[in-house]
Amino acid sequence: MLSHDQVWKAIDVLASKHGLSPSALARRAGLDPTTFNKSKRFAGERPRWPSTESIAKVLEATGASLDDFFGRVAVPPPAPERQTVPLLGLAQAGIGGFFDGGGYPVGTGWDEIAFPGSPPDEGVFALEVSGDSMLPAYRDGDILIVSRTATVRRHDRVVVRTLEGEVMAKILQRATARSVELHSLNPDHPPRLLALKDIDWMARILWASQ
């Protein structure tokens, strides 16, 4: 439902778009110059609405369509609900009890972080980098948002957790039925070749707070 304020605001916006004051817009439409004055918008405390005839004349004088006019008074859509994802530190990610058998976060009482995008699926969570092990790409305090359900392809940046609890950010260089070859983000560190049986989970990095 359109409100009194919305309709009058639409007239003001239309006038401004054409470089006119409300009075000048009324004159261009062949109306009394005071038709759209702010003093004419209320009769005492009772709101007064512009007539359909005056709106029709304004549209004709400006070349605006009815859809264009009503588009200016449409109620804006509600703000999207704030989306969040669980947030862990790398130390938490390296020990047991925080993930189920499929490598998904479990339990309650997580810290949370706003998710920068469309609503995430259940396989998305965030990791806070600690220390300098992921330099130069990721610094202490950076946030990595990762997905356990996103398809991982060659040259994707990934976070890998081994069954021994080691957590690392790497580049997936090659994957076979038995092993994966991971290249370091730091060129001073040699590649790693891990057997699939030694990997707990691997998640693709979707976003980093850099």
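I will try to describe carefully the structure that is included in this document. (Residues numbered from 1 in each chain as written. Predicted model: local features only at pLDDT ≥ 70, side-chain atom pairs only at ≥ 80, totals over all residues. Heavy atoms only, no water.)

Comments concerning the pairing of strand 9 (residues 179–184)
How we decide: If DSSP finds at least two bridges between two strands, the strands pair. Numbering goes from the N terminus for both helices and strands, where a helix is a DSSP run of H or I of at least four residues and a strand is a run of E of at least two.
Pairing of strand 8 (residues 167–175) with strand 9, which is carried by five bridges, proceeds in the antiparallel orientation. Looking across to strand 9, one finds that Ile171 is bridged to His183. In this antiparallel pair of consecutive strands, strand 8 and strand 9, the connection spans three residues. Here strand 9 pairs with strand 10 (residues 192–195) via four bridges, running antiparallel. Opposite Val180, over in strand 10, you have Leu194 as the bridge partner.

What about the nonpolar core?
Rules: Here, nonpolar core refers to any group of buried Ala, Val, Leu, Ile, Met, Phe, Trp, Tyr and Cys residues whose side-chain atoms link them within 4.5 Å. Note on classification: 1.4 Å probe, protein chains only; a residue is buried when its accessible area is under 20% of the maximum for its type, exposed when over 50%, partly exposed between these limits. Residue contacts follow a heavy-atom distance rule, with two residues in contact if any of their heavy atoms lie within 4.5 Å.
Counting 17 residues, the largest nonpolar core has Tyr138, Leu144, Val146, Val159, Ala169 and Ile205 as its most contacted members. Elements represented by at least two residues in this core include exactly strand 5 (124–128), strand 6 (143–147), strand 8 and strand 11 (199–208). In terms of residue count, strand 11 provides more of this core than any other element does, four residues in total. Look past the residues within four positions of Ile205 in its chain and what remains in contact with it is Tyr138, Leu144, Ile145, Val146, Arg157, Val158, Val159 and Ala169. Counting 16 residues, the second largest nonpolar core, distinct from the first, contains Val7, Ala26, Leu31 and Val58.

A look at helix 3 (residues 52–62)
The α-helix advances 3.6 residues per turn, and as a result positions three or four apart in sequence lie on the same side. Condition: Comment: arc refers to directions from the helix axis out to C-beta atoms.
Where helix 3 is concerned, the buried positions are Ser54, Ile55, Val58, Leu59 and Thr62. Projected down its long axis, helix 3 shows its buried positions confined to an angular sector of 140°, all on one face. Turned more than 90 degrees off the buried face of helix 3, the exposed positions are Thr52, Glu53 and Glu60. Within two residues after helix 3, Gly63 carries a phi angle of roughly 80°, on the positive side.

A look at helix 1 (residues 4–17)
How we decide: To estimate the expected span of a helix, count its residues, drop one, and scale the result by 1.5 Å.
With 14 residues, helix 1 ought to run about 20 Å at 1.5 Å a step, and its terminal C-alpha atoms sit 20 Å apart, in line with that. Those residues of helix 1 that sit buried are His4, Gln6, Val7, Trp8, Ala10, Ile11, Leu14 and Ala15. Gly19 sits one or two residues past helix 1 and shows a positive phi near 70°.

Quick notes on unusual backbone geometry
Of note in this structure, His155 is not a glycine but carries a positive phi near 75°. Structurally, His155 is set in the loop between strand 6 and strand 7 (157–162). Given a relative accessible area of 47%, His155 falls into the partly exposed group.

A look at the environment of Leu25
Looking at the secondary structure, you find Leu25 in helix 2 (residues 22–28). For Leu25, a relative accessible area of 0% corresponds to the buried category. Once the C-alpha coordinates of Leu25 and Ile11 are considered, the two residues, 14 residues apart in sequence, prove to be 8.8 Å apart. With sequence-adjacent residues up to four places away left out, Leu25 is seen in contact with Ile11, Ala15, Leu20, Phe36, Val58 and Thr62.

Without other data, these values stay purely geometric and don't point to any function.
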